[in-house]
Amino acid sequence: MIPRSLTLVLGGARSGKSRHAEALVEAFPAPWTYVATAQAYDDEMRRRIAEHRARRPAGWRTVEAPLALPEALRNVNPGQPVLVDCLTLWLTNLILGERDVAVATGELLAACRQVEAPLVLVSNEVGLGIVPENALARRFRDEAGRLHQRLAAQADSVVFMVAGLPMTVK
């Protein structure tokens, strides 16, 4: 059986997070599980989702989990590598859906500890820029920062992507 591990891949928009995370998971034998958190509300997002799907080879099984991410992780097959893309979309879905972010984050952390396989989590680092001008954006930035800190503390490894290059943080 493939050993359990948790990797957090952070970076900015178009930094290569998803491609790097996919390569990490594909280093293990197929089949792999792709847990997608995006919701396609417009044509542009539908195109992005289609691009992600098209570049993945056969062997990937997709699970849609825009809100029920902890549940999706609890239901993955033991030993089957898992990629979650991405946590900031999941966080957006929680906030806009007026869910309790603290409870959901606690459930996610617990579910990550229960996955008996390599688990790679992708998320956008949003705390490197200016202070957002509105309360919702500030709340999102703060919630993402707290989520990343808690996951990084629990992770076996943390990678920060810059211009397509992985920088090992932990």
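Check the entry above for the structure.
Draft legend 1. View of the packing of helix H4 (residues 87–96) against helix H6 (residues 135–154). Close contact between H4 and H6 brings their axes to 10 Å; oriented N to C, the two are set at 130°. Overall, the two elements H4 and H6 adopt an arrangement that is oblique. Note on packing geometry: the crossing formed by H4 with H6 is right-handed. Here H4 contributes Leu87, Thr88, Trp90, Leu91, Thr92, Ile95 and Leu96 to the contact with H6, which in turn contributes Leu136, Arg139, Phe140, Glu143, Ala144, Leu147, His148 and Leu151.

Draft legend 2. Spotlight on the layout of surface pockets. Its boundaries defined by the atoms lining it, the largest pocket holds a volume of some 700 Å³. In this structure, the largest pocket is lined by 28 residues; those nearest its centre are Arg14, Ser18, Arg48, His52 and Asp85. Element by element, the count of residues in the lining of the largest pocket is highest for helix H2 (residues 43–55), at seven residues. A breakdown of the residues in the lining of the largest pocket according to their chemical character gives ten nonpolar, eight polar and ten charged.

Draft legend 3. Quick peek at the environment of Val131. In this fold, Val131 is placed in the loop between strand E5 (118–124) and H6. With ten residues separating them in the primary sequence, Val131 and Arg141 have C-alpha atoms 8.8 Å apart.

Draft legend 4. Summary view of the sheet that holds strand E3 (residues 60–64). The sheet built from seven strands is open, its strands ordered E3-E2-E4-E5-E1-E6-E7 with mixed pairing. The open sheet terminates on both sides in strands that have one partner only, identified here as E3 and strand E7 (165–168). Strand-to-strand, the axes of this sheet are offset by a mean angle of 20°, without reference to chain direction. With four bridges connecting them, strand E2 (residues 32–36) and strand E4 (residues 82–85) associate as parallel partners. Bridge pairing links Thr33 to Val82 in E4.

What counts, and at which threshold
- Residues numbered from 1 in each chain as written.
- Predicted model: local features only at pLDDT ≥ 70, side-chain atom pairs only at ≥ 80, totals over all residues.
- Heavy atoms only, no water.
- Axes fitted to C-alpha atoms, helices over the stretch in contact; angles between N-to-C directions.
- Helix = DSSP H or I, 4+ residues; strand = E, 2+ residues; numbered from the N terminus.
- Parallel < 35°, antiparallel > 145°, perpendicular 65-115°, else oblique.
- Left-handed = near helix turned anticlockwise from the far one by under 90°.
- Contact = heavy atoms within 4.5 Å.
- 1 Å grid on protein atoms, 1.4 Å probe; cavity = no way out; pocket = protein on both sides within 12 Å on 5 of 7 lines; lining within 4 Å.
- Points joined across faces, edges and corners; volume = space filled by probe spheres on them.
- Nonpolar A, V, L, I, M, F, W, Y, C, P; charged D, E, K, R; others polar.
- Pairing = 2+ DSSP bridges.

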